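Single-letter residue listing:
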Amino acid sequence: MQTMQLVAAVVMAMQQPVPPLPPLPGRFPILVAPPVDALMVASDGLMALQGLEGLAGLEGLEGMEGLAGLARLDGLDALDPEPPMVSQNAQDPTDSLWRAARQAFNRGDYTSAANLYGDVARRYPSAARAGDALYWGAFALYKNDDLDHARSLLVTQQRQYSKAATRRDAAALFARIQTALAKQGDEEAMRWVTAHAQQPAQPAEPAEPAQPAQPAQPAQPGTSRGCPGEDDEDDVRVAALNGLLQMDAGSALPILQKVLARRDGCSAGLRRKAVFIISQKRGSETENLLLDVAQHDPDSEVRQQAVFWLSQVPTDRAVGMLDSILRTTDDEELREKALFALSQQRSPRAGQILRGYAENANAPSDAREKAIFWLGQQHSAENAAFLRGLYGKLTDEDLKEKVIFSLSQMHDADNNRWLMDIALNERESTEMRKKALFWAGQTGGDLAQLSGLYDRMQNREMKEQLIFVYSQRHEPAAVDRLIQIAKTEQDKELRKKAIFWLGQSHDPRAAQILLEIINQ
């Protein structure tokens, strides 16, 4: 009967696809990055993010999606939209042209795309897509640096197609084009950028070329009640402010300071975007403004953004403010931002504050977990020694688990040996031993040592975990160990697990062993 069961296990192993890996042990910190609308103003790239070395390699971690996007940005082009799909409609004469234009745009043939979108507007000026075609044609021209022509198409859209679906996008694109032209010395564009960076007002009819007028829009999600259309105006103004900051910081900074000094609810969204713009400019003004916002702004999200970007202000004052926030705030998200910002500081004091918080038994457990996580991302010998020492003082299983994970991320021989010691320590809980074993295997622990552990283990769960660890290694020695277990293990269930994982292996030796078991 036992032989039949093993044969069945072999057949199942050879037929079944590899199951999904079990969830990684440990919980990962959720860090919410600035909203995308704030990121849209980064027309010269996110130079301030050069200091975020601690985030390297974390793109797979749960909750880090917002920051993963930042790593890919090298300017606004990374946030370019894609032309919308269109349904084929034999009654719509623009359909074939629109599809051809979209295909050209998506393959990067912006000259052809601009011509084809232009054909839609010229040949079918009354069609539903005519106004949107002007926007996409302008976008293609912008990508080709034909800025004057792109601007003229947007002016035409504003005058003739004020209800086009792309009107709001067109306004933002117009601001980007004006900024680019101003950098090239276009005086009219420079006047436009300067004027639209000021407090919004109802201007007189501008001379050509003009900014497309903003159509009335219903309140958008996230806008303050009673402030309809505020976001539409903000988008244009923020783009203008960012352009002015790049060209003439002396003129832009006082305007930004006035924006940040506002305390009304309707300007909260604008203030959040202004915080991001300020964060991209290094200098004492940046530090002063961010510190003031972090302390005094009435909107919690605005304060959180200021604290987040204090990560890029490497001064004792900034570190002191972050320390004060950790000690006094009851705002969980603000505390989380402060922990992250401290982790990006490189001063000894910042590291000391993080370590002190991680071992503070009176601090919230989830916040201590995040402090432990960020200590693990700094890959310093001092932090590693601290975390190994901290583990023995902890009784909270979640905190101990976080220490195990953080040490595993340092990829250090001393830490790998420590993980193996935890895995072998029978005084530790089985769960902690399994997690230490898992991470030792995942982070390149010595396979010879891992292989030798199997015969020394008395705990059946630990043996099962070892079988899984072997299955995730690609060295021939790992397959050898699975083969040995499949052939000699007395525990039928463990043999079946080894056989299953051999069935997922592409090693020809594994196939031969499975055939031998079938033919027994």
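Calculation criteria
All residue numbers refer to position in the chain's written sequence, counted from 1. In keeping with the model being predicted, local features are shown solely for residues with a pLDDT of at least 70 and side-chain atom pairs are shown and tallied solely at 80 or more, while totals for entire chains, interfaces and linings include all residues. Processing note: side-chain calculations cover all non-hydrogen atoms of the structure and skip hydrogens and water entirely. Numbering of helices and strands runs from the N terminus; a helix is a DSSP stretch of H or I covering at least four residues, while a strand is a stretch of E covering at least two. For the exposure calls, accessible area comes from a 1.4 Å probe over protein chains only, and a residue counts as buried if that area is under 20% of its type's maximum, exposed if over 50%, partly exposed in between. Should any heavy atoms of two residues lie within 4.5 Å, those residues are considered in contact. In this description, accessible areas are obtained by the Shrake-Rupley approach with a 1.4 Å probe, and a residue is regarded as covered only by the protein chains that are shown. Working definition: rings of Phe, Tyr and Trp (its six-membered ring) pair if their centres are within 6.5 Å, and the pair is stacked with planes under 30 degrees apart, edge-to-face with planes over 60 apart, and tilted otherwise. The nonpolar core is taken to be a set of buried Ala, Val, Leu, Ile, Met, Phe, Trp, Tyr and Cys residues, with the residues joined through side-chain atoms within 4.5 Å. We count Lys and Arg on the positive side and Asp and Glu on the negative side, and we leave His and both chain ends out. Any Lys or Arg side-chain nitrogen located within 4 Å of an Asp or Glu carboxyl oxygen qualifies as a salt bridge. Pairs of N or O atoms are called polar contacts if they sit within 3.5 Å, as long as, within protein, a hydrogen donor faces a hydrogen acceptor (for residues adjacent in sequence, only side-chain-to-side-chain pairs). The span you would expect from a helix comes to 1.5 Å times its residue count less one. All axes are obtained by fitting lines to C-alpha atoms, using only the stretch in contact for helices, and the reported angles, taken between N-to-C directions, cover 0 to 180 degrees. With respect to orientation, any angle under 35 degrees is reported as roughly parallel, any angle over 145 as roughly antiparallel, any angle of 65 to 115 as roughly perpendicular, and every other angle as oblique. When the near helix sits turned anticlockwise from the far one by under a right angle, the crossing is termed left-handed; a clockwise turn instead gives a right-handed crossing.

(A) View of the overall build of the protein. Within the protein, the regular secondary structure consists of 27 helices and zero strands. Counting the 520 residues in the protein, one finds 52% classified as buried. Look at the contacts in the protein between residues 6 or more apart in sequence, and 66% of them connect residues 24 or more apart. Carbon and sulfur atoms provide 49% of the accessible area of the protein, an area that totals close to 24400 Å².

(B) Structural view of the packing of aromatic side chains. Here the structure, examined in full by the defined rule, presents 21 aromatic pairs. Ring centres 6.1 Å apart and planes at 5 degrees place the aromatic pair phenylalanine 373 and phenylalanine 405 in the stacked group. Remark: phenylalanine 405 occurs in helix α20 (residues 397-408) and phenylalanine 373 occurs in helix α18 (residues 365-376); sequence separation between them is 32 residues. Per residue, the accessibility class of phenylalanine 373 equals that of phenylalanine 405, and both read buried. Through pairs of rings, three or more aromatic residues link up here, namely Phe276, Phe308, Trp309, Phe340, Phe373, Trp374, Phe405, Phe438, Trp439, Phe468, Phe500 and Trp501.

(C) Quick look at the environment of alanine 350. Its location among the elements puts alanine 350 in helix α17 (residues 348-358). The buried category is assigned to alanine 350, whose relative accessible area is 0%. Among residues more than four places away in sequence, those in contact with alanine 350 are Val319, Leu342 and Gln345.

(D) Layout of the nonpolar core. Leu310, Leu387 and Val403 are the most contacted members of the largest nonpolar core, which has 146 residues in total. Sequence-distant contacts of valine 403, that is, excluding residues within four places in its chain, are made with Ile372, Leu387, Leu390, Tyr391, Leu394 and Trp418.

(E) Spatial organisation of the side chain of arginine 335. Structurally, arginine 335 is set in helix α16 (residues 332-344). Buried charged residue arginine 335 carries no salt bridge. Nearest counter-charge: aspartate 366, at 4.8 Å. Looking at arginine 335, its side chain comes within polar contact range of the main-chain oxygen of threonine 329, at 3.4 Å.

(F) Region of the structure containing helix α13 (residues 284-296). Here α13 contains 13 residues, and its C-alpha end-to-end distance of 18 Å stays within 8% of the 18 Å for a straight helix at 1.5 Å per residue. Taken together, the buried positions of α13 are Thr286, Glu287, Leu289, Leu290, Leu291, Val293 and Ala294. Lining the buried residues of α13 we find α11 (249-261), α12 (268-279), α14 (300-309) and α15 (316-328).

(G) Representation of the environment of tyrosine 110 within the structure. Note on placement: tyrosine 110 falls in helix α5 (residues 110-123). Each C-alpha atom of the pair tyrosine 110 and leucine 141 lies 6.8 Å from the other, and the pair is 31 residues apart in sequence. Excluding residues that lie within four positions of it along the chain, tyrosine 110 makes contacts with Phe105, Ala140, Lys143 and Asn144.

(H) Representation of the packing of helix α26 (residues 492-503) against helix α27 (residues 508-518). Put simply, α26 and α27 touch, their axes get as near as 9 Å, and they point 135 degrees apart. The orientation of α26 relative to α27 falls into the category oblique. Pair α26 / α27 crosses with left-handed handedness. Facing Ile499, Leu502 and Gly503 of α26, the residues of α27 in contact are Ala510, Leu514 and Ile517.

(I) Fine view of α14. The buried fraction of α14 is high, at eight of ten residues. Taken residue by residue, α14 has Val302, Arg303, Gln304, Gln305, Ala306, Val307, Phe308 and Trp309 as its buried positions. Where α14 starts, the residue carrying a side-chain oxygen 3.0 Å from the main-chain nitrogen of glutamate 301 turns out to be aspartate 299.

Note that all results are geometric; they support no functional claim without further evidence.
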